[in-house]
Amino acid sequence: MCGITGFFRLPNARSFFGSPQEAEALLKRMTSAMTHRGPDDDGYLIDGPLWMGMRRLKIIDLAGGRQPIFNEDESVGVVFNGEIYNYIELRRELETRGHRFKTNSDTEVLVHLYEEHGLDFPERLRGMFAFALWDRGKQRLVLGRDPFGIKPLYWGIFDGWLVFGSEIKAVLPCPAVLTEIDPSAVDDHLTLMYIPTPKTIYKHLFKLEPGSLMTIDAQGRRETHSYWRGLPSQTGLNGGLSHNLRETLDRLEAVLSDCVRISLRSDVPLGVFLSGGLDSAAMAYFAKQHKPDLKTFTVSFAEASYDEGQEAQAIARHLGTDHTDIRMEYPKDLAAYASNVLAAFDEPFGDTSALPTYMLCKLARRHLTVCLSGDGGDELFGGYPTFTATKVMRYYSRLPRVLTGKIIPWLAGRLPTSFERVSWDYKIKRFAGQALLDDYRQAHFAWRGAFSWHDRADLYQDSYWAGLSSRRPYDSVLGRFDEAAGAPFMDQLFYVDRTSYLLDEFLVKTDRMSMAHSLEVRPPMLDTLLAEMANQIPAHWKVRGLTTKWIFRRLLKGKLPDSILKLPKKGFTPPLAHWLTDPAFQGFVRESVNAGALASMRVIRPQVVERLLEEHRLNRADHSRKLWVLLGLGLFAERHAKHALQAQKPF
């Protein structure tokens, strides 16, 4: 696992350094900003219009895998972040075609595959990755990202320079980079709780789309194309899969076991993150088949409704893993802890599960360098309760408007508030609160958000709201439905969540929290072989009635305790609702939003923040999501102001 960064000169570029030595020094500053991603080594490639560098976390070929890595005549070089799981098979194939390898690194297959297959080479990769490949003969730079977006890659063009990096902090040292904030991204953060690809918090900086390549040459010709999208079948038929459930289960088990097997390839110690859920339990089960001395790790909470420690312990005992549990109590200095967690994202981020994930990664790194996770299982096999909620919404929306728009929301609002995790009053209020949205597609995004679309007029100050009031509900993400148009309704939902919620919330969280501790996390279920098979499984075998992940539960029957298979999905959520009643932490939120750098931007009405804090303190409503995204925005504004001052750029 690594971090990559660099800059590429286009025709008529305006120079922002005075000498080659200054350019090299800048490249090293950009690369050093990601030392946490790769504490073991660094490397640089400077050639003509290109300056690029990397930081390395040693996983494969510890002695010989130093980057950049070149082909035989050094006409092609690459810096790489990630892992290619099938590199052994690819290497054998390439060697039979006459390619000569200098290392045992998985990275080296990239340059030889490029020689053999040109820009089609990523189609043959199984793994998680982002890379920058330099074709010296064609004077062409190729940027690429894995099919699911597990590994990040940011890019932008400024004053005739293309600048790129694995994290935003890697590109900010470049003086050409503009850091104008995008108000629509602020709006997305406060509603969706994440900023959807390809946007970032900055207007002129973007995320490379998953499963895509960008090429740019010294003449300034730039092209982007997709090499894998994983769209669902428009017919909903199961393609080459048998209609026999037993045969489908057997094939699914074989493919899933193989995905776990190749993801276990490592020259350093490896383990599995284990919650009480099905996905991580499945990873632990299959990993144990291939690695008998498996270590597993979990985080537990004192608050019973949030805790999955007992379930994780039961799974570990059943499988016979070497299990470690860490109890997460209320942090002694929650303000400092939250600040450290949120700073790792470089832009506002709203998923509260980042708090325990940060701690889990810190714990695991003391024991090993690589962990497997269950990310992706819910999107591939229909695991979210929101799938059933969206099904119900299609019929609920047909009721008379006087019921859905007034009476039912009013009744839901009269329910007493509970701070337990995903309590019934919370579910009912969230469901009824979206009744005023135009259709079920908008509601599907609103279930998981913070501020509703209708909260925004009261939330923003008048001058800020003037620039946002014309936005259509969830305009940044509704296009994902259009991409899957024609597919059956439930298959559309699976695709939409994979390309929005998973991509920009869960995978971002896992990458930043793990890399903050130089820990590599691999999600075996995000393998194109498994995803393509999952796309062929009929939706009614995934969500059957109100039972989510039905076929996955059938697959694991007899492999895990029945008590685990029957549990509803909880999610990895800390008891933030309880913690936010602490006057000290409430004061920290108030200071960060109303009296910090965010206040000078005149974005949020101070009285709204005060009302949310008071209602939460008095247990009148659970505003933990809203307060958390406001805190994230406030802390980002402070970091942004400091960077603007240091760079002497307008704020």
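Residues numbered from 1 in each chain as written. Predicted model: local features only at pLDDT ≥ 70, side-chain atom pairs only at ≥ 80, totals over all residues. Heavy atoms only, no water.

### A short note on the packing of aromatic side chains
Here's step 1: In this structure the tally under the stated criterion is 29 aromatic pairs.
Here's step 2: When the centroid spacing of 6.3 Å and the interplanar angle of 50° are considered together, the rings of Phe7 and Phe17 count as tilted. Taken together, the residues Phe7 in strand β1 (residues 2-9) and Phe17 in the loop between β1 and α1 (20-32) connect sequence positions ten residues apart. Both residues of the pair, Phe7 and Phe17, count as buried.
Here's step 3: Measuring from ring centre to ring centre gives 5.5 Å for Phe17 and Trp51, while their planes differ by 65°; the resulting arrangement is edge-to-face. Placement of the pair is Phe17 in the loop between β1 and α1 and Trp51 in strand β3 (residues 50-56), with a sequence separation of 34 residues. Residue Phe17 shares its accessibility class with Trp51, and that shared class is buried. (Phe/Tyr/Trp six-rings, centres within 6.5 Å; stacked < 30°, edge-to-face > 60°. Helix = DSSP H or I, 4+ residues; strand = E, 2+ residues; numbered from the N terminus. Buried < 20%, exposed > 50% of the residue type's maximum accessible area, 1.4 Å probe, protein only.)

### Quick look at the side chain of Thr191
Here's step 1: One can find Thr191 in helix α5 (residues 183-192).
Here's step 2: According to the relative accessible area criterion, Thr191 is buried, its value standing at 0%.

### What about the environment of Pro348?
Here's step 1: Structurally, Pro348 is set in the loop between α9 (334-343) and α10 (354-365).
Here's step 2: As for Pro348 and Leu190, which are separated by 158 residues in sequence, their C-alpha atoms are 9.0 Å apart.
Here's step 3: Contacts of Pro348, omitting those with residues within four sequence positions, involve His189, Ile195, Ile201, Gly632, Leu633 and Phe636. (Contact = heavy atoms within 4.5 Å.)

### Side note on helix α8 (residues 309-319)
Every α-helix carries 3.6 residues per turn, so stepping three or four residues along brings you back to the same face.
Here's step 1: Every buried residue of α8 is listed here: Gly309, Glu311, Ala312, Ile315, Ala316 and Leu319. With its buried residues spanning 165° around the axis, α8 presents them on a single face. Exposed and oriented more than 90 degrees from the buried face of α8 are Gln310 and Arg317.
Here's step 2: Packing partners of the buried residues in α8 comprise α7 (278-290), β14 (295-301), β15 (322-328) and α22 (562-565).
Here's step 3: At the C-terminal side of α8, Gly320 shows a positive phi close to 75°. (Arc of directions from axis to C-beta.)

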